[in-house]
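# Remarks on the overall topology
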Amino acid sequence: MSGTRTRNRWDEVFARRTKANAADGLTSILALANKTDLISFAGGFPDPSTFPGAELVGHFERLVADRDVSAFQYAPVAGLVGPRAFIADRLERDGTRPDEDELVITSGAIEALELLGKSLIDSGDLVLVEGPTYLGAVMAFQSFEATVRAVPLDDQGLDVDRLETAIAAHGRPKFLYTIPDHQNPAGITLANDRRQRLVEIARHHGFLIVEDVAYRDLGFTEDRLPSLWSLGPDVVVQAGTFSKTFMPGVRLGWGAGPPELVASMVWAKQNTDQCATALGQRLLEEYGRAGGLDAQARRSRALYGRRCALLMEALEAHMPDDVSWTRPRGGFFSWLELPNGIDGSAVARRAVDDGVAIVPGAPFFPGAGGEGNRAGGESNVRLSFSRVEDDLIDEGIERLASVIEHSRKG
Ligand SMILES: Cc1ncc(COP(=O)(O)O)c(C=O)c1O
């Protein structure tokens, strides 16, 4: 009989680790990002105008016409041979070519992080992250019941002195998770001298570095610092993604690192999705080998660089003197520091009423209590400039500045 369904409280039977993650912030951020009636600086989404067009149709048609079984069959867990070679070639161009047993193709970078969590984390293990950092990574590590603590960032990236302090206080972590290039959410890049030092610290203490290179290919200039993986392939595992340079819809990324770690990720992947999209892997390979990916990255860098410049101009023009922000050299994000006493969550809520969406800073920090968690991002907000139309940026920032001024008055 319809209409008389009794509802069980299924949340009562959730596992402990699921309950801990139930009130996550990511879902609400993604919901905001999809609202169309707002000027949205919320989600870290690529602009749809960067997505491949007709040239991808040609590659797809050829795969179908050739009855390319590799594109339509289950793939090997670590990825198809051709796409693996394509990714290895790109990594070689970036400093280090992975050996056969040093690379796994994943369903996006988030899966690489999940597989690392599954492989490495026992309940209560210490994982260090940057404060602030990518929320999805913290959620992935916490789902394996890691104790996640943040080490502060400054304008040169992860504060390596504070990292040493954190290790002295809390002991050796299982791993340190870092986003060295055009970080999410702060838009900061790790300075060259710190990269070398970070690798040395990891070697000295014997912990692993998980390097997330999600925005590495989206620098606005030709400057490119060495990847941590190229500096320390013995202590670094790199997680990468094609979401920002190809498209998120294809769900493709990679993990590259020491063979025993990659083997463990491959083992873990066997029990999750078994293999990343074979069709996507073949499309990426064909499109990439034909030069499509490089051309797309060039267009994307120009687009995001222009939007970032417009955002910087708008912030200069409209923000009160006591608001400061980071000046990214790539990627999607700038991180705002609000005046004393103004709460980022309250600003984000009011901003929606005034037709602009932003993300408050607090969710980008793991739970309170760790080194670097004291500030906790309460007086910060993240602005993503990647998907705001050029001609709306100034208007959006003017509205946000007015919300900040009104928040001052209570
Ligand atoms: C730093 C960082 N890593 C990983 C991801 C997730 O990438 P993917 O779509 O490949 O799972 C994101 C997406 O926002 C990100 O910002």
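Reading the values: the criteria
- Per chain, residue numbering runs from 1 following the sequence as it is written.
- For a predicted model such as this one, the threshold for reporting local features is a pLDDT of at least 70, and the threshold for listing and counting side-chain atom pairs is 80 or more; totals across whole chains, interfaces and linings nevertheless cover every residue.
- Note: domain ranges come from an automatic or database domain assignment.
- Whether two residues are in contact is decided by their C-beta atoms, placed from the backbone, lying within 7 Å.
- Helix numbers and strand numbers start at the N terminus; a helix is a DSSP run of H or I with at least 4 residues, a strand a run of E with at least 2.
- Note on residue categories: nonpolar means Ala, Val, Leu, Ile, Met, Phe, Trp, Tyr, Cys or Pro, charged means Asp, Glu, Lys or Arg, and polar means any other residue, Gly included.
- The C-beta atom of each residue is placed using the backbone, and any residue whose C-beta lies within 6 Å of a molecule or strand is treated as near it.
- Counting other C-beta atoms within 10 Å of a residue's own tells you its class, since 20 or more makes it buried, 12 or fewer makes it exposed, and anything in between is partly exposed; those C-beta atoms are placed from the backbone.
- Paired strands are those between which DSSP finds at least two bridges.

## Side note on the domain arrangement of the chain
Segmentation of the chain into domains returns domain 1 (23–51 + 301–408) and domain 2 (54–292). Using only C-alpha atoms to locate each centre, domain 1 and domain 2 end up separated by 25 Å. Taken together, the contact between domain 1 and domain 2 spans 30 residues of the former and 33 residues of the latter. If you list the elements that add at least two residues to the side of domain 1 that touches domain 2, you get helix H13 (292–318) and strand E11 (333–337). Among the elements that take part in the side of domain 1 that touches domain 2, H13 stands out by supplying four residues, more than any other. Looking at side-chain class alone, the side of domain 1 that touches domain 2 contains 13 nonpolar, 12 polar and five charged residues.

## Here we look at the site of the ligand
The ligand sits among 14 residues. The nearest are Gly-108, Ile-110, Ala-214, Thr-241 and Ser-243. In terms of residue class, the shell around the ligand is made up of six nonpolar, seven polar and one charged.

## Re the pairing of strand E2 (residues 103–106)
Of the two faces of E2, the one carrying Leu-103 and Ile-105 and the one carrying Val-104 and Thr-106 are both buried. Sheet topology note: the E2/strand E9 (residues 253–256) ladder contains four bridges and is antiparallel. Following the sheet pairing, Thr-106 is matched in E9 by Gly-253.

## Looking at the sheet that holds strand E4 (residues 147–154)
Sheets are built from strands that pair by backbone hydrogen bonding, the pairs being arranged parallel or antiparallel. Ordered by their spatial adjacency, eight strands build an open sheet running E2-E9-E8-E7-E6-E3-E4-E5, and the pairing between neighbours is mixed. Edge positions in the sheet fall to E2 and strand E5 (157–158), since each has one partner strand and no second. As paired strands, strand E6 (residues 175–178) and strand E7 (residues 208–212) are joined by four bridges and run parallel to one another. Bridge assignment links Leu-176 to a residue of E7, and that residue is Ile-209.

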